[in-house]
Amino acid sequence: MWQVGGLVVRVKGSFTLTQLKFLLVGGGSFVVDILLFLYLSQVLHWPISHARLMAFCVALLLTWIGNRLFTFSHRKRRPIGTQVLMVALLACCAASVNLSVFYLLSELREPSGLTAPVYLALGVLSGLVVNWLGSNLLVFRD
């Protein structure tokens with residue numbers, strides 16, 4: 001039990017509260033992203049690129065709402081039109097990175113039931129870096 005508490009303390013000491021909230025929102029959106037992707041591609045047999053795009057769009061919407069209302073709620077809010085435009089531009093950048101990684105890996109080796117979620121995760125992690133930098137330094141900056 002003490003080791004678990006020690007781990008929590010170390011994690012808290014390594015990240016700011018804002019970073020932890022960002023990861024929590026992103027993690028929740030990632031779960032929705034991957035579950036929806038798997039459902040659409042494996043159960044409904046959508047083409048893999050269509051399933052990926054739909055899951056990405058749903059997760060993006062959830063991420064924006066979570067970051068606006070939870071992660072960066074303590075920061076001043078820009079006018080909604082300005083913020084929506086900035087979020088859309090950031091989403092295009094992050095989506096380009098995310099989907100490019102997924103596409104390139106898919107071109108290197110055909111996605112299967114096991115590799116497709118791995119490719120998705122690597123794309124998401126790549127997009128995470130772009131999203132953190134853009135969200136923290138541009139969209140929701142103080």
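Our structure's up above, just so we're on the same page.
Computed from a predicted structure; not experimentally measured. (Residues numbered from 1 in each chain as written. Predicted model: local features only at pLDDT ≥ 70, side-chain atom pairs only at ≥ 80, totals over all residues. Heavy atoms only, no water.)

**Q** A description of the state of the cysteines should follow, citing residues and the corresponding values.
**A** Inspection of the entire model under this criterion finds zero disulfides. Unpaired in terms of disulfides, Cys-92 finds its nearest cysteine sulfur in Cys-93, a separation of 6.9 Å. (Disulfide = S-S within 2.5 Å.)

**Q** Before we move on, could you go through the pattern of salt bridges and cite the residues and values that matter?
**A** Counted under the stated rule, the structure contains one salt bridge. Arg-52 is the partner of Asp-33 in a salt bridge, and the nearest nitrogen-oxygen pair spans 2.7 Å. Note that Asp-33 is positioned in helix α2 (residues 17-43) and Arg-52 in helix α3 (residues 48-71), a separation of 19 residues in sequence. (Salt bridge = Lys/Arg side-chain N within 4 Å of Asp/Glu carboxyl O. Helix = DSSP H or I, 4+ residues; strand = E, 2+ residues; numbered from the N terminus.)

**Q** Give a description of the nonpolar core that names residues and reports values.
**A** Within soluble globular proteins, side chains that are nonpolar generally end up buried alongside one another. By size, the foremost hydrophobic cluster in this structure holds ten residues: Ile-34, Phe-37, Leu-40, Ala-51, Ala-55, Phe-102, Ala-116, Tyr-119, Leu-120 and Val-124. No other element matches the four residues that helix α5 (residues 115-139) contributes to this core. With near-sequence residues (within four places) excluded, Phe-37 lies in contact with Gln-42, Ile-48, Ala-51, Arg-52, Ala-55, Phe-102, Ala-116 and Leu-120. In terms of nonpolar packing, the next biggest core, distinct from the first, is built from eight residues, Phe-72, Val-87, Val-139 and Phe-140 among them. (Core = buried A, V, L, I, M, F, W, Y, C linked by side-chain atoms within 4.5 Å. Buried < 20%, exposed > 50% of the residue type's maximum accessible area, 1.4 Å probe, protein only. Contact = heavy atoms within 4.5 Å.)

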